[in-house]
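In case you want the letters, here they are:
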Amino acid sequence: MGPITKMLFEPNCLADSDGPFADVEPALSQLRNMGIEIGSPDSDVSEPTQTMFITGSKDGLNEAKQRGLIPILLASDPDEAMKLTALKPAGVVVSLLELPDFIRLLRARITVRK
């Protein structure tokens, strides 16, 4: 995985009928401060190998792979997530708050390799 410049989020990863999830605003704020562009699944992508697609569904994982994006599974339902890991996402997070640390880890690995 190379440098990540963009993240696309399926809407059900950000909110439900009660409104936005508690971890959304702090996570997206940190990502924006790190220079990560935030978008929806239908956003144009010029660098698919630098774009993560955050999803909680089989369809989302398949779409990400078909588009050449980096599929990341948001595992909000443990039983469903176990089944979806068979589709081999590039990563799995339980909370959106893990994403900024994931980006930091990737950036540190890239720096060490140089």
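Scroll up to find the structure.
On a predicted model such as this, the values are computed, not experimentally measured, just so you know. (Residues numbered from 1 in each chain as written. Predicted model: local features only at pLDDT ≥ 70, side-chain atom pairs only at ≥ 80, totals over all residues. Heavy atoms only, no water.)

Asker: Would you mind showing me how to read the layout of surface pockets here?
Answerer: Which parts of space are left empty comes out when a probe the size of a water molecule is rolled across the atoms. Size it by volume and the largest pocket reaches roughly 220 Å³. Lining of the largest pocket is provided by 16 residues; of these, Asn12, Cys13, Phe21, Leu74 and Ser76 occupy positions nearest its centre. Those elements that provide at least two residues to the lining of the largest pocket are β6 (70-74) and α3 (78-84). In terms of residues, the lining of the largest pocket owes the most to one element, α3, which gives three residues. In the lining of the largest pocket, the residues fall into nine nonpolar, four polar and three charged. (1 Å grid on protein atoms, 1.4 Å probe; cavity = no way out; pocket = protein on both sides within 12 Å on 5 of 7 lines; lining within 4 Å. Points joined across faces, edges and corners; volume = space filled by probe spheres on them. Helix = DSSP H or I, 4+ residues; strand = E, 2+ residues; numbered from the N terminus. Nonpolar A, V, L, I, M, F, W, Y, C, P; charged D, E, K, R; others polar.)

Asker: I keep staring at the sheet that holds strand β7 (residues 91-93) and nothing clicks. Help me out?
Answerer: Two orientations exist for strands paired in a sheet by backbone hydrogen bonds: parallel and antiparallel. Spatially, the five strands line up as an open sheet ordered β4-β1-β5-β6-β7, and their pairing is parallel. Bordering the open sheet on either side are β4 (37-39) and β7, each of which pairs with just one other strand. Here the average twist between neighbouring strands, direction ignored, is 25°. As paired strands, strand β5 (residues 51-55) and β6 are joined by four bridges and run parallel to one another. Paired with threonine 55 across the strands is leucine 73, a residue of β6. (Pairing = 2+ DSSP bridges. Axes fitted to C-alpha atoms, helices over the stretch in contact; angles between N-to-C directions.)

Asker: Could you clarify how one ought to interpret the pairing of strand β1 (residues 6-9) in this entry?
Answerer: Residues in a regular strand point their side chains to alternate faces of the sheet. The side-chain alternation of β1 yields two buried faces, one formed by Lys6 and Leu8 and the other by Met7 and Phe9. Direction of pairing for β1 relative to β4: parallel, over a ladder of three bridges. In the sheet register, methionine 7 faces β4, and the bridge partner there is isoleucine 38. Two elements, β1 and β5, share four bridges in a ladder whose sense is parallel. (Buried < 20%, exposed > 50% of the residue type's maximum accessible area, 1.4 Å probe, protein only.)

Asker: Help me understand the environment of leucine 106, please; the structure alone is not making it clear to me.
Answerer: Among the structural elements, leucine 106 can be located in helix α4 (residues 98-113). Measuring from C-alpha to C-alpha, the distance between leucine 106 and isoleucine 4 comes to 8.2 Å, with 102 residues separating the pair along the chain.

Asker: Got a minute to help me understand the side chain of serine 95 in this structure?
Answerer: For serine 95, the position within the fold is in the loop between β7 and α4. A polar contact of 3.0 Å, which involves the side chain of serine 95, links it to the side chain of aspartate 23. At 3.1 Å, the side chain of serine 95 and the backbone nitrogen of leucine 97 are in polar contact. Once residues lying within four places of it in the same chain are set aside, the contact partners of serine 95 are Asp23 and Leu74. (Polar contact = N/O pair within 3.5 Å; in protein donor to acceptor, adjacent residues only side chain to side chain. Contact = heavy atoms within 4.5 Å.)

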